[in-house]
Amino acid sequence: MTAHTSGDEHAHGDDHDHEHTPTVTSDNERKVLLSFVLTFSFMLVEAVGGVLSGSLALLADAGHMLTDAVALALAYAAFRFGRRAADSKRTFGYLRFEVIAGFVNALTLLGIVVWIAYEAWVRLSSPPTILAGPMFIVAVLGLLVNMLVLWIMTRGETEHVNVKGAILHVIGDLLGSVGAIVAAIVIYYTGWTPIDPILSVFVAALILRSALKLLLKSIHILLEGAPDHATPEKVEQGLMQAVRGLAAVSHIHVWQLTSGRTMATLHIRPDTDDAARAVVKRVEQALRDQFSIEHATIGIDWNSDVDENACSLQTTAPHTDAHDHAAPGHQH
């Protein structure tokens with residue numbers, strides 16, 4: 001027989017807290033909303049400036065500012081939805097919305113990179129006339145706006161996936177503004193217009209790197225991947241070393257519900273059955289202290305039982321301790 005116990009049931013009073021979890025506050029929401037208003041407003045200015053001056057660098061930056069505005073809107077929506085309580089259909093609430101927002105942010109970044117690359121190719125083939133003066137003025141204003149938005153966004157908590165995505169957008173925008181300023185100066189003094197699409201492609205390459213990192217992280221969370229600091233192997237080794245009275249650990253599954261919220265399910269076998277409750281409490285404490293796992297569901301494999309059911313999701317054999325005296329059926 002296997003008894004299941006929740007981490008919530010065995011925590012000591014206030015021990016079960018979220019101290020390792022990024023906190024969404026009203027300040028976070030206000031800074032994201034303010035950043036959205038600033039970014040969207042200047043995006044319109046930069047788009048007009050790009051059309052009037054004929055600069056791809058400005059148009060690319062305006063397009064990226066549009067994705068900035070979308071990213072910030074998604075971040076704000078994620079905070080609002082994330083505050084909603086769990087219900088009978090969504091027992092974890094809406095916390096994963098922020099991971100979906102991060103995934104969408106990454107896709108929009110990739111889309112704008114493709115657009116910049118295409119426009120750059122067209123303009124290198126047939127260089128247009130570019131007005132360096134208006135281009136320079138708009139680019140400098142864009143740089144100042146982006147610096148202000150970046151300063152606002154980096155105040156306070158920045159660990160949520162969607163906040164990181166929004167910050168990556170703003171950094172890419174800032175680089176775009178710098179590129180546009182450099183291009184305007186070069187065009188003004190030399191008349192060499194290919195510098196405009198060339199610098200746009202360089203900025204797009206920097207954006208691409210950040211977008212891929214964000215995309216891979218978001219997909220990893222959506223696929224229930226274990227965080228790097230709490231893989232099943234590390235969890236097993238850590239528990240076997242830290243918890244006295246623990247004979248074996250198996251059926252370990254670790255995943256992130258969202259950024260900073262790590263969950264786990266596992267089976268443990270105590271040295272003696274009568275020490276099971278104490279061992280479970282020590283396992284829960286070790287999971288919180290070593291791996292920031294705030295919610296754990298723990299099954300107990302009793303020494304008197306022989307469980308022939310292996311975990312179909314686990315393909316590697318777990319560590320076997322020297323004093324493991326269970327029947328072979330307890331191992332995967």
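Everything that follows concerns the structure shown earlier in this document.
Just so it is clear, the structure is predicted and the values come from calculations on it, not from any experiment.

J.: How should the side chain of S200 be read in this particular structure?
T.: Here S200 is to be found in helix α7 (residues 195-222). Residue classification places S200 among the buried residues on the basis of a relative accessible area of 5%. Looking at S200, its side chain comes within polar contact range of the main-chain oxygen of D196, at 2.9 Å. For S200, the contacting residues outside a window of four places in its chain are L56, A57 and I116.

J.: Just to check I follow, could you spell out the pattern of salt bridges for this structure?
T.: Once the charged atoms of two side chains with opposite charge are near each other, the side chains can pair. Using the criterion set out here, one finds three salt bridges in the structure. Two residues, E294 and R261, come together in a salt bridge whose shortest N-O distance is 3.4 Å. Note that E294 is positioned in strand β4 (residues 293-301) and R261 in strand β3 (residues 261-270), a separation of 33 residues in sequence. Given a relative accessible area of 6%, E294 falls into the buried group.

J.: Looking at this structure, I do not really get the packing of helix α4 (residues 97-125) against α7. What am I missing?
T.: When two helices pack together, their arrangement is given by the angle between the helix axes and by the axis-to-axis distance. Contact pair α4 / α7: the axes reach a minimum separation of 8 Å and the direction vectors enclose 155°. Classified by the angle their axes make, α4 and α7 are roughly antiparallel. When the axes of α4 and α7 are compared, the crossing they make is left-handed. Residues that form the contact of α4 with α7 fall into these classes: 24 nonpolar, four polar and two charged.

J.: Quick question: what am I supposed to make of the environment of G225 here?
T.: Note that G225 resides in the loop between α7 and α8 (232-242). Through-space distance from the C-alpha of G225 to that of H253 is 9.2 Å; in sequence the pair is 28 residues apart. Among residues more than four places away in sequence, those in contact with G225 are H220, V254, W255 and Q256.

Basis of the calculations
- Residues numbered from 1 in each chain as written.
- Predicted model: local features only at pLDDT ≥ 70, side-chain atom pairs only at ≥ 80, totals over all residues.
- Heavy atoms only, no water.
- Helix = DSSP H or I, 4+ residues; strand = E, 2+ residues; numbered from the N terminus.
- Buried < 20%, exposed > 50% of the residue type's maximum accessible area, 1.4 Å probe, protein only.
- Polar contact = N/O pair within 3.5 Å; in protein donor to acceptor, adjacent residues only side chain to side chain.
- Contact = heavy atoms within 4.5 Å.
- Salt bridge = Lys/Arg side-chain N within 4 Å of Asp/Glu carboxyl O.
- Axes fitted to C-alpha atoms, helices over the stretch in contact; angles between N-to-C directions.
- Parallel < 35°, antiparallel > 145°, perpendicular 65-115°, else oblique.
- Left-handed = near helix turned anticlockwise from the far one by under 90°.
- Nonpolar A, V, L, I, M, F, W, Y, C, P; charged D, E, K, R; others polar.

Remember, this is a structural readout, not a statement about activity or role.
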